[in-house]
Amino acid sequence: MPPADPAPTILPPAAPGRGGARPLPVLPEGAMVRPHAPALPLRVGTRGSPLALWQTRDFLGLVTRFCPLLRQIDAFREHVIATTGDRIQDRRLADLGGKGLFAKEIHEALLDGRVDFAVHSLKDLETELPPGIVLACTLKREDPRDALVLGPGCGAVDPADPWGALPRGAVIGSSSVRRQAQLLHARPDLSVAMIRGNVQTRLAKVRGGEVRASMLAVAGLKRLALEHEAAAILDPEVMVPAAGQGIIGVTVRERDEELRELLAAIEDWESRAVATAERALLAALDGSCRTPIGGYARLTADRTLRLTGLVARADGSFLLRRTLEGPPRDAARLGRTLGASLRRDAPADIFA
C-alpha cells in the first residue's frame, strides 16, 4: 500500500460551539451510527500503566455514551499488551529505536486480529503508521503543557522564571530529549539524568531525592488526579510541548469501515486539526529518534490555527523556534511548510 499522507485535510464544522470543540450531537436512541454487527466482544488493546488504562476507559465511556446499544451489553474487553518500551526501563527510548516502541506490539495485535481498537497517547504514536492501520479518532485534548515537579532542596517558583527554582548544578530527571534540550538551552549549568517508568514511578524518584526535579505532561497528572504535584505549569513559549501531547488517539484496521464510522461519532474536530498540523510537522522534519522536536498547535479566538515548531540540539547549544498561522482546513500544509522551514535553517547534524 502506498504511504498515506501523514495528515489528512481537516474540514471544521459550519457552526462550531464555544471553546473550540464541535458540540456533541444529540441523536435518538440507537441512531449514532448506521446499523452494524461487528463480532462481540470488541477487544481494546492498551498498555498496562495506570495512565494508559485511564485513557482506555475514558475512550470506552465515550463510545458507550454515543452508541447506547453498546451500553446495554457486555460489548468490550480490555486487552493489556506489554510493549518493548514498557518492558525495558534502563535505556533511553532513542537507544531502543524510538517512541514507536510503545505501539509496535499493540499494532501487531491489531493487524493479526487479536484486538479491534488500540488506544494510545498520541505523542507516543509513530508518525507513519504501519500499512493497514489508520488513526481513526482523536479525543478532546487535555492540557498540552509540561509541568515542573520539584523535589527537596529546590526554591520557590517565580512564574516569570520557573527555572529559577532549580539550584545551580542540579540534576534533573528526564528521558525526553525535547525537554532536555529546552531546559539546557535556558540553564546550561544544569545536568540531566535519565529516568523512565510510569508517572507514579517518576514522581517517587523526585520525592526520594534521586533527582532534584523532573518534568511531566500536565495531561497525565490531571488524568491521574496528581496535578497537585506540579510546582509550575510551563508556558508553551518556555517549553514547547511534544506533538500530540494531551490527546488520546485510537487506531483501527483500515478495512474496518464500520468501526471507523463508530469512532467518527466521538471525534473532536479541534483535536484532529491540531494533531494533523503537529504530526505533519514531525513528518516534514523527519528527524531521528534522537532529534529534539517540539510541535504545538492551537486555535486562536478568531479560529485561526497557530502552529509552533521547535528543533534543537540535545545539549541545548542550538535551538530554533518558529510559528506559522493559517485556517484549520490547511492544517497539513501548515505543518509541512513549517517543518520544511525549520529543517532548512537548522544545522544538518541535528537530523543525523
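Just so we're clear, the structure is a prediction, and the values are computed from it rather than from any experiment. (Residues numbered from 1 in each chain as written. Predicted model: local features only at pLDDT ≥ 70, side-chain atom pairs only at ≥ 80, totals over all residues. Heavy atoms only, no water.)

Colleague: Before we go on, may I ask you to explain the packing of aromatic side chains in this structure?
Modeller: To describe a pair of aromatic rings, one takes the distance between the centres and the angle between the planes. The full count for this structure, using the stated rule, is two aromatic pairs. Arranged with centres 5.5 Å apart and planes meeting at 70°, the rings of F59 and F117 form a pair that is edge-to-face. Residue F59 is found in helix α1 (residues 50-66), and its partner F117 is found in strand β3 (residues 117-121); the two are separated by 58 residues along the sequence. Taken as a pair, F59 and F117 share a single burial class, namely buried. Relative to F117, the ring of F76 has its centre 6.3 Å away and its plane inclined at 45°; by these criteria the two rings are tilted. Of the two residues, F76 sits in strand β2 (residues 76-80) while F117 sits in strand β3, which places them 41 residues apart along the sequence. An identical accessibility class is assigned to F76 and F117; each is buried. Among the aromatic residues, those joined into a ring-pair cluster are F59, F76 and F117. (Phe/Tyr/Trp six-rings, centres within 6.5 Å; stacked < 30°, edge-to-face > 60°. Helix = DSSP H or I, 4+ residues; strand = E, 2+ residues; numbered from the N terminus. Buried < 20%, exposed > 50% of the residue type's maximum accessible area, 1.4 Å probe, protein only.)

Colleague: What is the right way to look at the pairing of strand β10 (residues 248-253) in this model?
Modeller: Look at any regular strand and the pattern is simple: side chains alternate between the two faces of the sheet. Of all six residues that make up β10, six are buried, and the element is covered over most of its length. Summarising the sheet, β3 and β10 pair through four bridges and their orientation is antiparallel. In the sheet register, H120 faces β10, and the bridge partner there is G249. Sheet topology note: the strand β4 (residues 133-138)/β10 ladder contains five bridges and is antiparallel. Bridging across to β10, T138 finds its partner in G249. (Pairing = 2+ DSSP bridges.)

Colleague: Could you clarify how one ought to interpret the sheet that holds strand β13 (residues 319-326) in this entry?
Modeller: Backbone-to-backbone hydrogen bonds join strands into a sheet, with any given pair of strands oriented parallel or antiparallel. In spatial order, the strands read β11-β12-β13; together these three strands make up an open sheet with antiparallel pairing. Each having just a single partner strand, β11 (293-299) and β13 make up the two edges of the open sheet. Each adjacent strand pair in this sheet contributes to an overall mean axis angle of 15°, direction not counted. Both β11 and strand β12 (residues 305-312) contribute to a ladder of seven bridges, which runs antiparallel. When the sheet's bridge partners are listed, G294 is paired in β12 with L310. Contacts between helix α10 (residues 269-285) and the sheet are confined to β11 and β12, with β11 contributing the most and set at about 150° to the helix. Lying over the sheet, helix α11 (residues 331-345) contacts β12 and β13, oriented at roughly 155° with respect to β13. (Axes fitted to C-alpha atoms, helices over the stretch in contact; angles between N-to-C directions. Contact = heavy atoms within 4.5 Å.)

Colleague: Any chance you could explain helix α9 (residues 257-264) here in plain terms?
Modeller: Turn by turn, an α-helix covers 3.6 residues, leaving residues three or four places apart pointing in a common direction. Residues of α9 that are buried include every one of L259, L262 and L263, and no others. Along the long axis of α9, the arc covered by the buried residues comes to 95°, so they all point the same way. (Arc of directions from axis to C-beta.)

Colleague: Looking at this structure, I do not really get the environment of L281. What am I missing?
Modeller: Locating L281 in the fold gives a position in helix α10. A relative accessible area of 0% means that L281 is categorised as buried. In this structure, the C-alpha to C-alpha distance between L281 and A332, residues 51 residues apart in sequence, is 8.0 Å. Contact partners of L281, with chain neighbours within four places excluded, come to G294, G295, T308, G309, G335, R336, L338, G339 and L342.

Colleague: Would you mind showing me how to read unusual backbone geometry here?
Modeller: Peptide bonds are trans in most cases, and residues, glycine excluded, mostly fall at negative phi. You will see that A225, though not glycine, has its phi angle at about 60°, which is positive. For A225, a relative accessible area of 52% translates into the label exposed. The backbone of R303 shows a phi angle near 70°, a positive value even though the residue is not glycine. Looking at the element boundaries, R303 is found in the loop between β11 and β12. A relative accessible area of 27% means that R303 is categorised as partly exposed.

Colleague: How do you make sense of the side chain of E229 when you look at a structure like this?
Modeller: Mapped onto the elements, E229 comes out in the loop between α8 (218-223) and β9 (232-234). Once you skip the residues sitting within four places of it in the chain, E229 turns out to touch L148, V149, L203 and R207.

Colleague: In this structure, what is going on with the pattern of salt bridges? I would like to understand it.
Modeller: Where charged atoms from two side chains of opposite charge come close, those side chains can pair. Applying the stated criterion across every chain yields a total of 21 salt bridges. Note that R333 and D330 form a salt bridge whose closest N and O atoms lie 3.4 Å from each other. What makes D330 partly exposed here is its relative accessible area of 23%. Among the charged side chains, a network of salt bridges with common partners joins R43, D116, R253 and D256. (Salt bridge = Lys/Arg side-chain N within 4 Å of Asp/Glu carboxyl O.)

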